[in-house]
Every structure is written in structure tokens, then in C-alpha cells.
Amino acid sequence: MTVYDELVARGLIAQVTDEEEIKELVNNGKAVFYIGFDPTADSLHLGHLVAILTSRRLQLAGHKPYALVGGATGLIGDPSFKDAERSLQTKETVEGWVEKIQGQLSRFLDFENGDNKAVMVNNYDWFGSVSFIDFLRDVGKYFTVNYMMSKESVKKRIETGISYTEFAYQIMQGYDFYELNDKYGVTLQIGGSDQWGNMTAGTELLRRKADKSGHVITVPLITDSTGKKFGKSEGNAVWLDATKTTPYEMYQFWLNVMDDDAVRFLKIFTFLSLEEIEEIGKEFDQARHQRLAQKVLA
């Protein structure tokens, strides 16, 4: 089974920009890719874990990850699928959150070994020195208002109101892709499916400004069999910080997942082989009351 086929079989592919080109990149090349996180709290949560683990799978397959923590975009706010403006945080608060999130990412990606060791980057490093006039001239001119208005995250907010600050967020994320491509040769971005509009802004900027191709893979936003989403916005956050969600609470969370979700979550959240998971699934189906799949998952 190819790397891409395994990602599909595990339910980790939601959207792609060009499937044939991405298959070639993921299966046969040495992709240089990035995954980005805005510091909107002092910890990542379970909703982030799918993209993190997908990045780890790609690193294990030989591809090189850049982990971007948005010290700049975290000061602005992402409009994606929210009903109101995000509360702006102080620069000092965001800097503290950046540091904590960088520490969490280092537990999942290998930043020390091999030619494809991960690299940590902070987009404040390039946004902090660019002037507003230069940004409008060098980046803003490549985006039409029509294009920006077509994004789902913007359309949803037009009804309730959106500030220029959050409206312009997609241009900032697009510029991240451009900078990472220019500095490090990054050609692929991994992220959650709710980020599709922001992520494709990057491929659009690469095409218009540099005449280059960039690619996007989104992973699905995980919900349980009732449609309930994992993530802090739902008020049921399971944090990746052991002081916010204890190991015991984390274990109990996985132990209590519904029967209809357990095997699916084994494919998404563990590194057990698909063959091992299939065997666990068969045994689990013969005696679901024993909760074998949940115990392995936990």
C-alpha cells in the first residue's frame, strides 16, 4: 500500500488540490511540507492532533516537516467558522503561548534526527519587519476582493459582521506559504478542513506572485458518531497539556468513546498497522461489551 493510499484508508484525507500530483509527491518524492498552528490558547487540543499525527506519518515516510506557530497571525484572529470576532490578546500573552505550543509539537515530531528532521518556525519572524504599505503592494495586490469574499469562512461571517482584520487573515496565511516556499522550498501544506480557504490562498499567491505550484492536503475535522466535534469551541476540550487534561482524564476519554467510533479512531489516532486494527476490529465485534477497541485506543 502506498503512503497516500494508507492515508485514505485511515480516513485522513478530506480535500486535496490536485490528487494525482499529490500522490506523486507523497508516494515518490521527498516532500517538504508545513503544518501551522495559531496560539489561541496555552495548549493545543485533541482537534489539532489529527493534523499533527498525519504530519508525523509523513515524516516517518521520509518527508520533511516545518512546524509553524503563528506568532503574527495569532495576534490577528482567524475568521474560520466562528460567529464573532476573536478577542485580541497582548503580544506578551501570544509569545508565551507560542513557546508552550512549540514545546508540545516537539513531543510529536522529530526535530533532532535525520535529513528530514523537523524545523520550527514562527511567522512573526517575517511579518514583524514588513511595513503595511509594502505588504499591500507586494502581497495584497495579488488578491481580488471577489476571491476573498468567495471563501466559506468569510461568507459565513458577512451576515454577522467581520472586521478588516479577520477579513485579511487569509492573505497573511497565504503569505506564510509563499515565505516558506521561498526560504525553505516548502511545496505542501497540511491542515484541518476548516482551513481550506486560507490554505488555498497560499497556493493562489504562489501561482500569481512566483509562478509556482503549491499543494494542500486537509484532514477531516473529527466528530463522533453523533456529530459532536472534538475541540475547545464545543466546550469539551481534551487538551494536550497534562496540567489541563490529566493523563487519567485523557485515558478515560478514549475508554469512553462510542462503539461505533472506536475502530475508526484506532485508524486515525494510533500507529498500529491497518492489519492489526482489522484483527482488533473482528475480535471487538464478537464481544463489544468487553470494549477491546476502546482499551487498545486508550
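A brief look at the structure comes next. Note that the structure is predicted; figures quoted are calculated from it, not measured.

**Comments concerning the side chain of threonine 200**
Thinking step 1. With respect to the element layout, threonine 200 can be found in helix α11 (residues 196–210).
Thinking step 2. Its relative accessible area of 10% is what places threonine 200 among the buried residues.
Thinking step 3. Polar side-chain contacts of threonine 200 include one of 3.0 Å to the side chain of lysine 151.
Thinking step 4. Setting aside its immediate chain neighbours within four residues, threonine 200 contacts Thr17, Tyr147, Lys151 and Val216.

**Comments concerning a negative patch on the surface**
Thinking step 1. A cluster of acidic residues, Asp5, Asp18, Glu19 and Glu21, forms a negative patch on the protein surface.
Thinking step 2. Position of glutamate 19 relative to the elements: it lies in helix α2 (residues 19–28).
Thinking step 3. A residue is classified by how much of its surface remains accessible, and glutamate 19, at 36% relative accessible area, is partly exposed.

**A short note on the pairing of strand β2 (residues 32–37)**
Thinking step 1. Most of β2 is tucked away: 5 of the 6 residues are buried.
Thinking step 2. Bridge analysis of β2 against strand β3 (residues 64–69) gives 6 bridges, and the strand direction is parallel. Bridged to isoleucine 35 within β3 is alanine 67.
Thinking step 3. A crossover links β2 with its parallel partner β3, the connecting element being helix α3 (residues 46–60), and its sense is right-handed.
Thinking step 4. Sheet topology places β2 next to strand β5 (residues 188–192); 3 bridges connect them, and they run parallel. Paired with phenylalanine 33 across the bridge in β5 is leucine 188.

**Some words on α11**
Thinking step 1. The end-to-end C-alpha distance of α11, which contains 15 residues, comes to 21 Å, matching closely the 21 Å that a straight helix rising 1.5 Å per residue would cover.
Thinking step 2. For α11, the complete set of buried residues consists of Gly197, Asn198, Met199, Thr200, Ala201, Gly202, Thr203, Glu204, Leu205 and Leu206.
Thinking step 3. Looking at the buried positions of α11, the neighbouring elements they touch are α7 (145–149), α10 (169–184), β5 and β6 (215–219).
Thinking step 4. Just downstream of α11 lies aspartate 211, where phi reads positive at about 55°.

**Some thoughts on the packing of aromatic side chains**
Thinking step 1. Under the defined criterion, the tally for this structure stands at 11 aromatic pairs.
Thinking step 2. Between tyrosine 66 and tyrosine 184, the aromatic rings sit 4.7 Å apart at their centres with planes inclined by 25°, giving stacked as the arrangement. Here the residue tyrosine 66 occupies a position in strand β3, and tyrosine 184 occupies one in helix α10, the gap between them amounting to 118 residues.
Thinking step 3. For tyrosine 184, a relative accessible area of 35% gives the class partly exposed.
Thinking step 4. Relative to tryptophan 254, the ring of phenylalanine 253 has its centre 5.2 Å away and its plane inclined at 80°; by these criteria the two rings are edge-to-face.
Thinking step 5. A residue is classified by how much of its surface remains accessible, and phenylalanine 253, at 22% relative accessible area, is partly exposed.
Thinking step 6. In this structure an aromatic cluster arises from ring pairing among Phe127, Phe135, Tyr175 and Tyr178.
Thinking step 7. Arginine 57 extends its terminal NZ or CZ atom over the ring of phenylalanine 271, reaching a point 4.5 Å from the ring centre.
Thinking step 8. We note lysine 244 situated over the ring of tryptophan 239; from NZ or CZ to the ring centre the distance is 4.5 Å.

Definitions and limits used
One numbering rule holds for all chains: residues counted from 1, following each sequence as written. pLDDT decides what is reported in this predicted model: residues at 70 or higher carry local features, side-chain atom pairs at 80 or more are listed and counted, and totals for whole chains, interfaces and linings draw on all residues regardless. No hydrogens and no water enter the side-chain calculation; it runs on all heavy atoms of the structure. Only DSSP runs of H or I reaching four residues or more are called helices, and only runs of E reaching two or more are called strands; each is numbered from the N terminus. Burial classes follow relative accessibility: with a 1.4 Å probe on protein chains only, a residue under 20% of its type's maximum area counts as buried, one over 50% as exposed, and anything between as partly exposed. Polar contact is the term for a pair of N or O atoms within 3.5 Å; when the atoms are in protein, one must be able to donate a hydrogen and the other to accept it, and sequence-neighboring residues count only if both atoms are side-chain atoms. Working rule for contacts: check all heavy atoms of both residues, and any pair within 4.5 Å makes them a contact. Any residue with relative accessible area above 30% and no salt bridge may belong to a patch, with like charges joined within 9 Å and the nonpolar Val, Leu, Ile, Met, Phe, Trp and Tyr side chains within 5 Å. In this description, accessible areas are obtained by the Shrake-Rupley approach with a 1.4 Å probe, and a residue is regarded as covered only by the protein chains that are shown. One side-chain nitrogen of Lys or Arg within 4 Å of one carboxyl oxygen of Asp or Glu is enough to make a salt bridge. By the counting scheme adopted, Arg and Lys are positive, Glu and Asp are negative, and His together with the chain ends is not counted. For this purpose, a charge sits on NZ of Lys, CZ of Arg, CG of Asp or CD of Glu. Only when DSSP finds a minimum of two bridges between them are two strands counted as paired. Look down the strands so they point away from you; if going from the first strand over the helix to the second traces a clockwise path, that crossover is right-handed. To estimate how far a helix should extend, the number of its residues minus one is multiplied by 1.5 Å. Any pair of Phe, Tyr and Trp rings, taking the six-membered ring for Trp, is counted once the centres come within 6.5 Å. Such a pair is stacked with planes under 30 degrees apart, edge-to-face with planes over 60 apart, and tilted for the rest. Any Lys NZ or Arg CZ that is within 6 Å of a ring centre and within 35 degrees of that ring's normal is treated as a charge sitting over the ring.

Without other data, these values stay purely geometric and don't point to any function.
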